Amino acid sequence: MTRRETAPDAVTQRHGRALWIEETGRCALRQEKLPAECADEVVVRTLYSGISRGTESLVFAGQVPESEYERMRAPHQAGRFPFPVKYGYAAVGIVEEGPERFVGKTVFCLHPHQDRFRVPVSAVHPLPDGLAPHRAVLAANMETALNITWDSGIQPGDRLTVFGAGVVGLLVAYLASRIIGTEVVISDIEPERAETAEALGLRFSLTDDVPHDCDVLINASASADALATALDHAGFEARIIEASWYGERHVEIPLGHAFHAKRLSIVSSQVASLPPGRRARWDTRRRMAKALQLLADDRLDRLISGETPFETLAADYPEIIGSAATLCHRIRY
C-alpha cells in the first residue's frame, strides 16, 4: 500500500476553511472543498501559520500594483488581486493523507491561512529533527533573509548596517552576525525593537547612531528615509541592498551629494529568484531546506510577537496587520 488515511472523518477531511481578504480592510473565513485526490499529493492538517505583516498588509490594503498581479501571486493562492483573494505563505502542519513516506510527518508549506489543504508532494518540506513546529512558521522569512544575505555579498570582517528591525531585517542581521569578523548593527526608528535585537545578540541603534563608512547596507524597512540614510553612511564603492517592497508607493532616492563620487551600488533583492552565483548549484527546494535548518536557535522564538486562534482570525486580522508592534504573528489551529 502506497497511501493511507489517518483521519477517521473522511467528509471533514475533504473540506477546509481558509481566510479570504474580501475587500480593503475586511476578511472572512470561508469553507472550501478540497480538490479531488490525485497521485503524489498530500493532505495537510495545519498546526500553525504565520502572518508576514509587510507583504500581507499591502495585500490587505489593496496596494498591490496591477503590473505585479501575476508576479505577486503566492503559491496556492486563490482568487485574484485586488479582491477577493486567499493569501499567505507560512503554514506548518501534519500530513494526514498521501504517500506512505510522508504520512505523519510535520511539514512546512508556502500556503495561505487554511486549516486543511491538499497540495503536491513537491510543495511540502519536512521539518528537520529538533525544529519545533511553532517556530517553523518563520521559514519563509528565513528563506528571504538567506537570499538577501547572498545578494549582499557580505564577507568576513565587513562593517554592515541593516535598516528595519522587523522579522526579515532581524533575520538578515542574525545571519550576517554569524559570519566571522563582521561588525553588524541593526537600526530602527522604534527603540522598543532594541530588546528583541539584543536577545539575538545584535547591536541596535537608532538612525542617528548608524556607523559611517559601511561596506554593506541593507534596507529592510520599506522606508525611503532609511534608504537615504544608507546612501549617506556608505563607504567608498559600498553595496546597498534594497530588500523592501513598496507596492504602489513611489519613493525618492537622493542620488546627488557623494553618490557618484563614492561609486555606490544599489542592488534589489527578491526571494522569487536565486542570486546568479547560486543558480548553477541551488534550487528553491535546497534553499528552503537550509532555511529550516537555520531556525534551530531557540532565541528565534523572540520573533513571534503574538498568537491568535484560527477561529477568531477574521476578526483579529485587521488589528494584527495594523499594529507596529507585530513581528511574526502566529495563528494556532
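Residues numbered from 1 in each chain as written. Predicted model: local features only at pLDDT ≥ 70, side-chain atom pairs only at ≥ 80, totals over all residues. Heavy atoms only, no water.

Engineer: Just give me the short version of the pairing of strand β12 (residues 183–187), but keep the residues and values in it.
Structural biologist: Within β12, 4 of the 5 residues are buried, which leaves the element mostly enclosed by the surrounding structure. Here strand β11 (residues 159–163) pairs with β12 via 5 bridges, running parallel. Bridge pairing links threonine 161 to valine 185 in β12. Tracing the backbone out of β11, into helix α4 (residues 167–177) and back to the parallel element β12 gives a crossover that is right-handed. (Buried < 20%, exposed > 50% of the residue type's maximum accessible area, 1.4 Å probe, protein only. Helix = DSSP H or I, 4+ residues; strand = E, 2+ residues; numbered from the N terminus. Pairing = 2+ DSSP bridges. Right-handed = clockwise from strand over helix to strand, strands pointing away.)

Engineer: Give me the lowdown on the pattern of salt bridges, citing residues and values where you can.
Structural biologist: Taken as a whole and assessed by the stated rule, the structure comprises 20 salt bridges. When salt bridges with common partners are traced through the structure, they connect Arg14, Glu97 and Arg118 into a single cluster. (Salt bridge = Lys/Arg side-chain N within 4 Å of Asp/Glu carboxyl O.)

Engineer: Account for unusual backbone geometry, naming residues and giving values.
Structural biologist: With omega at 0°, the peptide bond leading from phenylalanine 81 into proline 82 counts as cis. Position of proline 82 among the secondary structure elements: in the loop between β5 (78–79) and β6 (85–86). Omega for the peptide link from phenylalanine 83 to proline 84 comes to -15°, which places this bond in the cis form. When you line up the elements, proline 84 lands in the loop between β5 and β6. Here aspartate 213, not a glycine, exhibits a phi torsion of approximately 55°, which is positive. Tracing the backbone through its elements, the reader meets aspartate 213 in the loop between β13 (203–205) and β14 (214–219). Residues other than glycine seldom take positive phi values, yet glutamate 237 does so here, at roughly 55°. Note on placement: glutamate 237 falls in strand β15 (residues 234–242). Overall, glutamate 237 belongs to the partly exposed group, its relative accessible area being 45%.

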